[in-house]
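Chain residues, written in single-letter form:
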Amino acid sequence: AASAGAAAAVGGGGESPEQQRRCLQASMQAFTQALVSGVSVSLLIDGRTRFPTEARLDAELSYLMLNAEHPIALRSIQAVHSGVVDAAQSPRRGQSQHHRALLNELCVTVVLEGSLVLTFIFDESRTRDYFEMCLKIL
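Bear in mind the structure is a predicted one, so any value in this text is a computation, not a measurement.

**Thoughts on the pattern of salt bridges**
Right, so step 1: Applying the stated criterion to the full structure yields five salt bridges.
Right, so step 2: When the shortest N-O distance is used, the salt bridge between Arg21 and Glu18 registers 2.6 Å. Here Arg21 pairs with Glu18, and both are found in helix H2 (residues 17-37), just three residues apart, close to one helical turn.
Right, so step 3: In this structure, Glu132 and Lys136 form a salt bridge, with 3.1 Å as the shortest nitrogen-oxygen distance.

**Things to note about H2**
Right, so step 1: With 21 residues, H2 should cover 30 Å at 1.5 Å per step; its first-to-last C-alpha distance of 30 Å lies within 8% of that length.
Right, so step 2: For H2, the complete set of buried residues consists of Gln20, Leu24, Ser27, Met28, Phe31, Thr32 and Leu35. Mapping the buried residues of H2 onto a view down its axis gives an arc of 125 degrees, with all of them on the same face.
Right, so step 3: A positive backbone phi angle near 105 degrees is found at Gly38, which sits one or two residues after H2.

**Here we look at the packing of aromatic side chains**
Right, so step 1: What the rule picks out here adds up to four aromatic pairs.
Right, so step 2: On the numbers, 5.9 Å between centres and 70 degrees between planes, the contact of Phe31 with Phe131 is edge-to-face. Here Phe131 lies in helix H4 (residues 125-137) and Phe31 lies in helix H2, a separation of 100 residues in the sequence.
Right, so step 3: In textbook terms, an aromatic cluster arises when at least three aromatic residues are bridged by ring pairs, as seen for Phe31, Phe120, Phe122, Tyr130 and Phe131.

**Points about the state of the cysteines**
Right, so step 1: Taken as a whole and assessed by the stated rule, the structure comprises zero disulfides.
Right, so step 2: The thiol of Cys134 is not disulfide-bonded; the next cysteine sulfur, from Cys23, is found 10.0 Å away.
Right, so step 3: On the basis of relative accessibility, which here comes to 0%, the residue Cys134 falls in the buried class.

**Quick look at the confidence of the model for the protein chain**
Right, so step 1: For the protein chain, mean pLDDT is 80; residues scoring 70 or higher make up 77% of the total.
Right, so step 2: Averaged over each element, pLDDT in the protein chain is lowest for helix H1 (residues 2-11) (43) and highest for strand E3 (residues 63-66) (94).
Right, so step 3: Scored below 50 in pLDDT, residues 1-11 shows 14 contacts in the model against residues more than four places distant or in partner chains.
Right, so step 4: Counting contacts from residues 87-95, a segment whose pLDDT is below 50, to residues more than four positions away or on other chains yields 17 contacts.

**Here we look at the layout of surface pockets**
Right, so step 1: If you add up the space inside the largest pocket, you get close to 250 Å³.
Right, so step 2: At the level of elements, H2, strand E1 (39-45) and H4 are the ones that each hand at least two residues to the lining of the largest pocket.
Right, so step 3: No other element matches the four residues that E1 contributes to the lining of the largest pocket.
Right, so step 4: Residues that form the lining of the largest pocket fall into these classes: nine nonpolar, three polar and two charged.

Cut-offs used in this document
- Residues numbered from 1 in each chain as written.
- Predicted model: local features only at pLDDT ≥ 70, side-chain atom pairs only at ≥ 80, totals over all residues.
- Heavy atoms only, no water.
- Salt bridge = Lys/Arg side-chain N within 4 Å of Asp/Glu carboxyl O.
- Helix = DSSP H or I, 4+ residues; strand = E, 2+ residues; numbered from the N terminus.
- Expected span 1.5 Å × (residues − 1).
- Buried < 20%, exposed > 50% of the residue type's maximum accessible area, 1.4 Å probe, protein only.
- Arc of directions from axis to C-beta.
- Phe/Tyr/Trp six-rings, centres within 6.5 Å; stacked < 30°, edge-to-face > 60°.
- Disulfide = S-S within 2.5 Å.
- pLDDT = per-residue confidence, 0-100.
- Contact = heavy atoms within 4.5 Å.
- 1 Å grid on protein atoms, 1.4 Å probe; cavity = no way out; pocket = protein on both sides within 12 Å on 5 of 7 lines; lining within 4 Å.
- Points joined across faces, edges and corners; volume = space filled by probe spheres on them.
- Nonpolar A, V, L, I, M, F, W, Y, C, P; charged D, E, K, R; others polar.

In structure tokens form, the structure reads like this:
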């Protein structure tokens, strides 16, 4: 059911189920190939600071590596959410309502076992949606 919904999101909804499946498959292949090679991403630190890092998948597609030294087992991912989740969602001093809304529009939060949270921030909501969808399927 999740992949059918994701296929509709990727394909735009006007295609046949077979076209949606092929589109989803092509998207996932491009996503995993890019991550195996390594991509530049930004983590949101303390709800306001961007920390540039490189994300890379290992060859077995089992671990997401951040800066080649922090392995995250994909099986340890409990949830993937659009927006900022958990403590980062509470208002911070000096953060306007507009700034918080923008963060929620541009972030993907990954909840790991042990209640650890990683928040990735993107420049566009379309990129955020693509990352979120593919990470959920992976």
